[in-house]
Structure formats: structure tokens, C-alpha cells
Amino acid sequence: LRAAEGAKLMAEDVLIEWTKGDPGPGRSADVTVFADGRVRLSPRLGGGEHRLAPEELQAVRRFVVDEQQLQAIEGAALKREVEVAAAARSRDLASPGAAFVTVPQMDAGTTVIRANVAGLPHEITYFDLVGDAQSYPEVAPLQRLRRIELKMIELAEALAARTP
């Protein structure tokens, strides 16, 4: 989990990028939303370059920045919050009569969300966002990060459906 590392390498014309899976070198983002409304999808999401109407671009920006407050999610603080929630859960499970419930995950991936807002780059890298978001609904920043990921998936699906 890291925040802001490498974010300075992000192109200034990018509003937000989302990648799921191995964030290794040379891997392009799954969804890249540019400040001018262009959106590039990775081949695994249908590929190609699409365009958002100005109101659609503003809605994405408002959702990510204003509603989900991506810039306020700091990687180290998020990790600590999840660790505290996990420790509390462990204490609860140690009590008599506690039931242990797991969230099944076939293959947890790494989520990388990078954004440029008002010239300030920000990056969050999180392993097993889906599993932790399901396991720790009380961790608000984790839920906000997951909502951003779901919005990027929804955007990719909508844009891919527009292609004839």
C-alpha cells in the first residue's frame, strides 16, 4: 500500500487512472480519463479511445474528488485503519461463542488509482481492495476507494457499450 509514490510521473493532462492487477512496469492503466474528456480503455476492457461529454467528465471529477475525496485518502493512514479494524475483529473472534466468517477470494489483485487534481498528483496502491472492503465496511476511506474503483468499471462498461 502506498500513496503519492511515483505520482509525479503521471502526465499532467490525466484526471484519473485506474488499474487492477499486477501494476508492473510497462503495464498501461485499465481506464485513463484525460482532463479534455478523452478516455482510454485497456484492451482487456474493450480497448480504444472514447470521449466523454463535458457534463459526463464533470460528473466523474465531482464523484472522485468532491464526493469520494480521493485526495484525502492517504495510504499509510488507510493501512493503519484497516489494521486496527482487523485487530478489533481478532479480539471479537477470541470471545466465547464468536463465529468466524471469511470472504472468499479467488485471486486478490492490486488496485492502483492515480489522479491529478488542481495540479496535485495523488496515488493509492491497495492489495485486495475487494476483499478488505467487504471485510471492513466500517473503514470509510476503504469504502470510498472501492466506490471509485466501481465507478471506473461502470465507466468502462458504458463506454465499451457505445462502440458499434
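These numbers come from a predicted model, not from an experiment.

Caption draft 1: Spotlight on the overall build of the protein. Within the protein, the regular secondary structure consists of four helices and seven strands. For the protein, the sequential pattern of α-helices and β-strands runs β-β-β-β-β-α-α-β-β-α-α. For the protein, the residues scored as buried account for 43% of the 164 residues in total. Restricting to contacts in the protein with at least 6 residues of sequence separation, those with at least 24 account for 56%. Accessible surface, the protein: about 9100 Å² in total, of which carbon and sulfur atoms supply 55%.

Caption draft 2: Structural view of the pattern of salt bridges. As enumerated under the stated definition, the model contains 13 salt bridges in all. Of the charged contacts in the structure, one is a salt bridge between Glu-17 and Arg-114, with a shortest N-O distance of 3.2 Å. Placement of Glu-17 in strand 2 (residues 14-20) and of Arg-114 in strand 6 (residues 110-117) is noted, with a sequence separation of 97 residues between them. With respect to burial, Glu-17 and Arg-114 carry one shared label: buried. Here Arg-38 ties to Glu-49 by a salt bridge, and the two come within 3.7 Å at their closest N and O atoms. Pair noted here: Arg-38 is in strand 4 (residues 38-41) and Glu-49 is in strand 5 (residues 49-51), with a separation of eleven residues, a long-range link.

Caption draft 3: Geometry of the packing of helix 1 (residues 54-67) against helix 4 (residues 140-162). Two elements in contact, helix 1 and helix 4, have axes whose closest approach is 10 Å; the angle formed by their N-to-C orientations is 165 degrees. Considering the angle they form, helix 1 stands roughly antiparallel to helix 4. Crossing angle aside, the handedness with which helix 1 passes helix 4 is left-handed. Note on element contacts: helix 4 touches helix 1 through Arg-147, Ile-148, Lys-151, Met-152, Leu-155 and Arg-162, opposite Glu-56, Val-60, Phe-63 and Val-64. Of the residues assigned to the contact of helix 1 with helix 4, the class counts are six nonpolar, no polar and four charged.

Caption draft 4: Helix 1, seen in detail. Its 14 residues give helix 1 an end-to-end C-alpha distance of 18 Å, which sits within 8% of 20 Å, the value for a rise of 1.5 Å per residue. Within helix 1, the full set of buried residues consists of Leu-57, Val-60, Phe-63, Val-64 and Val-65. The elements touched by buried residues of helix 1 are strand 2, strand 3 (31-34), strand 6 and helix 4. Phi turns positive one or two residues past the end of helix 1, at Gln-69, with a value near 50 degrees.

Definitions and cut-offs
Residues numbered from 1 in each chain as written. Predicted model: local features only at pLDDT ≥ 70, side-chain atom pairs only at ≥ 80, totals over all residues. Heavy atoms only, no water. Helix = DSSP H or I, 4+ residues; strand = E, 2+ residues; numbered from the N terminus. Buried < 20%, exposed > 50% of the residue type's maximum accessible area, 1.4 Å probe, protein only. Contact = heavy atoms within 4.5 Å. Areas by Shrake-Rupley, 256 points an atom, 1.4 Å probe, with all protein chains shown as cover. Salt bridge = Lys/Arg side-chain N within 4 Å of Asp/Glu carboxyl O. Axes fitted to C-alpha atoms, helices over the stretch in contact; angles between N-to-C directions. Parallel < 35°, antiparallel > 145°, perpendicular 65-115°, else oblique. Left-handed = near helix turned anticlockwise from the far one by under 90°. Nonpolar A, V, L, I, M, F, W, Y, C, P; charged D, E, K, R; others polar. Expected span 1.5 Å × (residues − 1).

Purely spatial values, then, with no claim about function.
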